[in-house]
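Inside the fold
Chain residues, written in single-letter form:
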Amino acid sequence: MQTAYSLLAERALTLLDTKASLASGPSASKAGRDLFSALDAVLHPGKFLETLTPLLSREESSVRKAALNLLTDRLQNNENALRDLTISVKKQQRESNESIKIAGLKLIDELASLAIRDGTPNARQAALVALEAAGMRFGRDEDATHYANALVNAAKQVAEKCCFARDAEEANALKAINSSTSNVLGSAAMCLAQIARATGPKFIGALALAAPAMTRNAKLATQICSKSAAARNGETPENVLVVLTATISAIDAFCEDHLAKFMSPYLLDILTVATHPVLCAKTGDGNEGAEQSESTANKTKKKSRDSVKTNLTSLIAAKYAAAALRSERLATAFECRILMPPLEECWVTFIRESESARTANEALRSRLAFLEVSNKIADRKDATPAHRSVLFSIALEAMDVRRQFAEEDDASTLEVEQVETLAVHAVANLAVKCTEKEFTPFYAKCVEWAKARAAEKDTARWRLSALFRLTSALADQLRAVFVPFYRHVLDLTAACLDDEALDMIDSSKRKKKKKGDEEKSNTNKNDVMDEWRMKAFALAALRRCFAYDSVNFLTQERFNQFAPLVAKHLAKDPPKESREYEMNTLEKLLDNGEDEMEEISGNESIGVKLNLGAECVGCCAALFAAAPDEALWKTLHRNILNVSRNYEHSRAKLLVIATLEKIVENTQEEYLVLLPEAIPFLSELLEDDDLEVEIATQDLLDKLTKLSGEDLASLLEHGYGELKDRNTGVVQPESYV
């Protein structure tokens, strides 16, 4: 019966021939499709393969196409039939398991021949898709080893003929990527990826042809994207992106499990592709694509919105594939001893030396991608001190990104910030993995790096900012253990917060040749912002020092040194270019609203937000709580209160109120000894013209009233003489001294 079904199915497919359809009319073609659809449900897997495989070699293109579509659909989607393929001996007693094996082998050979045969690109692509499906399903078979040799031989043919594996055929590959046959290259890459996963270690026989072909085609595709004028406008040719996504997926498959051990000769090329700026650039969603398409239409009047959306979707797919390759394969699949030499060479040759040939933003994107890989490698258990030393040198160089891109006008501020943040994170991760003996010279080297260009004002600010960020990150991870290491940076921190010292440095640099007015104005703006940024990170680092100090690091001398320096920064006016310039409420100044502050302050670092006011409030409160002697409280308390009286702007007054509130929260009843000194200042703040200041002061007074149990409102109205103690009655001012 199965033989009769097979002959009938073959006849049904023959009816799909164009000539037969023309002779018998359109009804013959429809009858053939209907008949085969009915037979498809009753044909056993072995007979199904035996019937369709010979039809792949027929001259009639319509018959071959129909057979390919049916095979692919059965292999990909018909789960019941596929289950029969793997357990046919148990469930189909009338059919020999050997016949399925023979039919499967013939099918693989026929599909490979059809894929490499000279024909239309669509026919070859259909054959490759069917071969990919065959590799997926036969690879799941209980007798998968039976098909392995046939699949590997098919992969060799596909790599050589479809992917131009030979070195001499690079020109042909480049031509194919740029032509309509690019879909064949993409399907061939996906086919090789699936066969590699199906056959596992046995794919090594084809790897010598497939791996160099995939890495070379991926490099060519990235080069085409970067050189294309359309790529600058977010309109990378879609055919190139198809090849790029598919080849990256194939490389990802080659780097899995046992095959990864044989991919070391190609690691440098793979790293070059994975960190290419084309694959690291940001793209938006469909809405952003629509907006870009509108702007492009105004310029070219030729590109449609749907075209740009599709193109962006392809670019997103390529980026996701590259991100998976970086994080899930390159950083984990290879031993550190194998990965480190090409990683270091990639940084030197591709990242650092090739930056002159790119735009600033492209170079920054490559650095970001590279640091993602190096950070994951640093976390690995097999990373030795020698490996971490190399990674430390790379990360330390990346931390200097602001100096390296200072002259690049097109450099994105956000991407510079991201590179510095990732580099700081890398150095911090490496530092915490050091032994106790290694950590001191490690951190000392970072400090020396920050001081190495002290004579260059701008560079010194950038490097000190990075050092303070690193210090904050290390303090957050090590807490009290790290506090003694602050001795290396205390003098630098004090110098950064001392305006007189900074003014002296600035004045010594002013005796230079004059600049144009516009250039001078831009330079001054940048200087102010850089100094503001440096001070914010210095205060953030100090706050952690005081907050985590449980080893009596803060002496009386250090307290007296920093109390006036920290307190006076409550009165600092933010630059107009700063995000803090628009903050006019206490909630915004203290960074309480996460969603709102995400919008206000996009400069978030590792545990640090670029908000000098909030950091100063926290630093003052932490310094107060960490004071080695309560007798020192009065000095800092008076410095804080004087800010509210010496400066008229509301920002300073609000920050003073916030600082006092934080101190009260930390010290509770112990603060009451300082209350008489604060009363006159609070009285003045309560009568301030700014409603926000008045409300904040009243809230603080309510908390103090509840804490002290006294009628502070009466005190503010009538003075000390009317302040009544709950036990003894009237309390004289002298009792507060």
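Read on for an overview of the structure. (Residues numbered from 1 in each chain as written. Predicted model: local features only at pLDDT ≥ 70, side-chain atom pairs only at ≥ 80, totals over all residues. Heavy atoms only, no water.)

**Things to note about the overall build of the protein**
Counting secondary structure elements, the protein contains 35 helices and two strands. Burial status across the protein gives 52% buried among its 737 residues. Sequence separation of at least 24 residues holds for 75% of the intrachain contacts in the protein that already meet a minimum separation of 6. Element-wise, carbon and sulfur atoms account for 49% of the exposed surface of the protein, whose accessible area totals about 34,300 Å². (Helix = DSSP H or I, 4+ residues; strand = E, 2+ residues; numbered from the N terminus. Buried < 20%, exposed > 50% of the residue type's maximum accessible area, 1.4 Å probe, protein only. Contact = heavy atoms within 4.5 Å. Areas by Shrake-Rupley, 256 points an atom, 1.4 Å probe, with all protein chains shown as cover.)

**Overview of the packing of aromatic side chains**
Overall, the coordinates contain eleven aromatic pairs when judged by the stated rule. Centre to centre, the rings of F482 and F485 are 5.8 Å apart; their planes meet at 20°, and the pair counts as stacked. Each ring, one from F624 and one from W633, has its centre 4.8 Å from the other, and the planes form 25°; the classification is stacked. In this structure, F624 and W633 share a single accessibility class: buried. A network of ring pairs unites the aromatic residues F439, Y443, F482, F485 and Y486 as a single cluster. The side chain of R558 reaches across the aromatic face of F553, ending 4.1 Å from its centre. (Phe/Tyr/Trp six-rings, centres within 6.5 Å; stacked < 30°, edge-to-face > 60°. Lys NZ or Arg CZ within 6 Å of the ring centre and 35° of its normal.)

**Points about the pattern of salt bridges**
According to the stated counting rule, one finds 34 salt bridges in the structure shown. Among the ionic pairs, R337 bridges to E335, the shortest N-O distance being 2.6 Å. In this structure R337 comes out as exposed when scored by relative accessible area, which is 56%. A salt bridge links R352 to E397; the nearest nitrogen and oxygen atoms lie 2.7 Å apart. A residue pair is termed long-range when its members are at least 10 positions apart, and R352 in helix α17 (residues 336–352) and E397 in helix α19 (residues 385–399) qualify at 45 residues. Among the residues examined, R352 registers a relative accessible area of 36% and is labelled partly exposed. Beyond isolated ion pairs, a larger network of salt bridges with shared partners links R402, E417, E420, R469 and R533. (Salt bridge = Lys/Arg side-chain N within 4 Å of Asp/Glu carboxyl O.)

**Some words on helix α8 (residues 121–138)**
Its 18 residues place the ends of α8 25 Å apart at the C-alpha level, agreeing with the 26 Å of an ideal helix rising 1.5 Å per residue. Along α8, the positions that sit buried rather than exposed are R124, A127, L128, A130, L131, E132, A133, A134, G135, R137 and F138. (Expected span 1.5 Å × (residues − 1).)

**With respect to unusual backbone geometry**
We note that D257 has phi near 50°; this positive angle belongs to a residue other than glycine. Take D257: it is sitting in the loop between α13 (238–254) and α14 (267–274). For Q668, which is not a glycine, the phi torsion comes out positive at approximately 55°. Tracing the sequence through the fold places Q668 in the loop between α32 (650–667) and α33 (675–686).

**Remarks on the packing of helix α12 (residues 204–227) against α14**
Two elements in contact, α12 and α14, have axes whose closest approach is 10 Å; the angle formed by their N-to-C orientations is 30°. The orientation of α12 relative to α14 falls into the category roughly parallel. In this structure, α12 meets α14 at a crossing whose hand is left-handed. Of the residues in α14, those in contact with T215, A218, K219 and T222 of α12 are D269, I270 and V273. Classifying every residue of the contact of α12 with α14 gives three nonpolar, two polar and two charged. (Axes fitted to C-alpha atoms, helices over the stretch in contact; angles between N-to-C directions. Parallel < 35°, antiparallel > 145°, perpendicular 65-115°, else oblique. Left-handed = near helix turned anticlockwise from the far one by under 90°. Nonpolar A, V, L, I, M, F, W, Y, C, P; charged D, E, K, R; others polar.)

**Quick look at a negative patch on the surface**
Negative charge collects at one region of the surface, where E407, E408, D409 and D410 lie side by side. Counting through the fold element by element, D409 comes out in the loop between α20 (401–404) and α21 (413–432). (Patch = residues over 30% accessible without salt bridge, like charges linked within 9 Å, V, L, I, M, F, W, Y side chains within 5 Å. Lys, Arg positive; Asp, Glu negative; His and termini not counted. Charge placed at Lys NZ, Arg CZ, Asp CG, Glu CD.)

**A short note on the packing of α32 against helix α34 (residues 691–708)**
When two helices pack together, their arrangement is given by the angle between the helix axes and by the axis-to-axis distance. Their axes nearest at 10 Å, the elements α32 and α34 cross at an angle of 15°. Accordingly, the angle class assigned to the pair α32 and α34 is roughly parallel. Remark: the crossing between α32 and α34 carries left-handed chirality. Side by side, α32 and α34 meet where S650, K653, L654, I657, L660, E661 and V664 of the first sit next to E692, V693, A696, T697, L700, K703, L704 and L707 of the second. For the contact of α32 with α34, a count of residues per class yields nine nonpolar, two polar and four charged.

**Some remarks on the nonpolar core**
Counting residues in each nonpolar core, the largest one holds 213 residues, and the members touching the most others are L192, F203, F254 and F546. Per element, the largest residue contribution to this core is twelve residues, and it comes from α12. In contact with F254, not counting residues within four places along its chain, are L192, A196, F203, L207, A210, A211, M214, L259, A260 and M263. (Core = buried A, V, L, I, M, F, W, Y, C linked by side-chain atoms within 4.5 Å.)

**Looking at the environment of V240**
Along the chain, the position of V240 falls in helix α13. On the accessibility criterion, V240 (0% relative accessible area) is buried. In this structure the C-alpha to C-alpha distance between V240 and I177, which are 63 residues apart in sequence, comes to 5.9 Å. Filtering out sequence-adjacent residues up to four positions away, V240 remains in contact with I177, N178, A221, I224 and C225.

**Quick notes on helix α11 (residues 182–199)**
An ideal rise of 1.5 Å per residue puts 26 Å on 18 residues; α11 measures up with 26 Å between its terminal C-alpha atoms. Here α11 lies mainly inside the structure; 14 of its 18 residues are buried. Positive backbone phi, approximately 65°, marks G200, located one or two places after α11.

**Focus: the side chain of Q194**
Secondary-structure assignment places Q194 in helix α11. The class for Q194 is buried, based on a relative accessible area of 15%. Ignoring sequence-local partners within four residues, the contact set of Q194 consists of E132, G135 and M136.

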